[in-house]
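Each chain, letter by letter, is given below.
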Amino acid sequence: MSFPVPEITDVNRPYWDGLAAGELRYQHCKCCGNNWLPAREHCPQCLSADREWRPSSGKGTILSWVVYRHAYAPHLADRLPYDVTAVELDEGARLLTNIVNGDEGRKLSVGARVELCIENEEGVSLPRFKLTDPK
Ligand SMILES: [Zn+2]
């Protein structure tokens with residue numbers, strides 16, 4: 001089964017264009033200052049539509065993770081086991097991602113520092129992260 005490609009919309013296009021250009025972008029609310037991902041039309045904190053895209057430093061911290069040892073989608077069977085990790089960027093936006101050097105989840109920990117590592121998969125640039133100080 002082939003890799004599912006993201007649905008590009010007018011709302012999330014800057015996010016995907018940013019990754020293709022080598023940067024991770026998040027949305028910033030010009031009304032309350034909130035930063036978030038994934039892309040949406042209104043600020044999830046104050047519901048203002050007055051927003052802009054900003055580039056992230058690409059640095060963040062692990063909030064939580066799980067390691068999948070069963071493929072719930074057929075296209076993921078050949079990469080078992082793999083992690084799904086919640087990362088909070090230093091700018092405050094959060095995203096679900098994968099850690100590229102997590103050693104099947106054994107090196108992951110809450111609060112571990114990570115940095116952006118964009119990977120291209122079947123023509124799609126994906127925001128993944130690597131541990132900056134793997135133990
Ligand atoms: Zn807001």
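Model, not experiment: these values are computed from the prediction. (Residues numbered from 1 in each chain as written. Predicted model: local features only at pLDDT ≥ 70, side-chain atom pairs only at ≥ 80, totals over all residues. Heavy atoms only, no water.)

Draft legend 1. Main features of the packing of aromatic side chains. Tallying each qualifying case throughout the model produces 3 aromatic pairs. When the ring of Tyr15 is compared with that of Trp16, the centres are 5.0 Å apart and the planes differ by 85°; the resulting orientation is edge-to-face. Among the residues examined, Tyr15 registers a relative accessible area of 11% and is labelled buried. The buried category is assigned to Trp16, whose relative accessible area is 19%. Grouping aromatic residues by their ring pairs yields a cluster made of Tyr68, Tyr72 and Tyr82. (Phe/Tyr/Trp six-rings, centres within 6.5 Å; stacked < 30°, edge-to-face > 60°. Buried < 20%, exposed > 50% of the residue type's maximum accessible area, 1.4 Å probe, protein only.)

Draft legend 2. The sheet that holds strand β4 (residues 59–68), seen in detail. On the basis of which strands lie adjacent, the open sheet formed by 5 strands has the order β6-β5-β4-β7-β8 and antiparallel pairing. In the strand order of this sheet, the two ends are held by β6 (94–97) and β8 (124–131), each with one partner. Strand-to-strand, the axes of this sheet are offset by a mean angle of 35°, without reference to chain direction. Where β4 lies against strand β7 (residues 113–121), 3 bridges are found, and the strand directions are antiparallel. What sits directly across from Thr61, in β7, is Arg113. Sitting on the sheet, helix α1 (residues 13–20) is in contact with β6, β7 and β8, with an inclination near 70° to β8. (Pairing = 2+ DSSP bridges. Helix = DSSP H or I, 4+ residues; strand = E, 2+ residues; numbered from the N terminus. Axes fitted to C-alpha atoms, helices over the stretch in contact; angles between N-to-C directions. Contact = heavy atoms within 4.5 Å.)

Draft legend 3. Broad picture of the pattern of salt bridges. Here the structure, examined in full by the defined rule, presents 12 salt bridges. If you follow the salt bridges from partner to partner, you end up with Arg79, Glu119, Glu121 and Arg128 in one network. (Salt bridge = Lys/Arg side-chain N within 4 Å of Asp/Glu carboxyl O.)

Draft legend 4. Main features of the environment of His75. By the element assignment, His75 lies in the loop between β4 and β5 (82–89). C-alpha separation for the pair His75 and Pro4, spaced 71 residues apart in sequence, amounts to 8.3 Å.

Draft legend 5. Structural view of α1. The set of residues buried in α1 consists of Tyr15, Trp16, Gly18 and Leu19. Looking straight down α1, one finds its buried side chains confined to an arc of 155°; they lie on one side. Structurally, α1 contributes buried residues whose contacts are with β1 (25–29), β3 (51–55), β6, β7 and β8. Of the residues trailing α1, Gly22 is marked for its positive phi of about 95°. (Arc of directions from axis to C-beta.)

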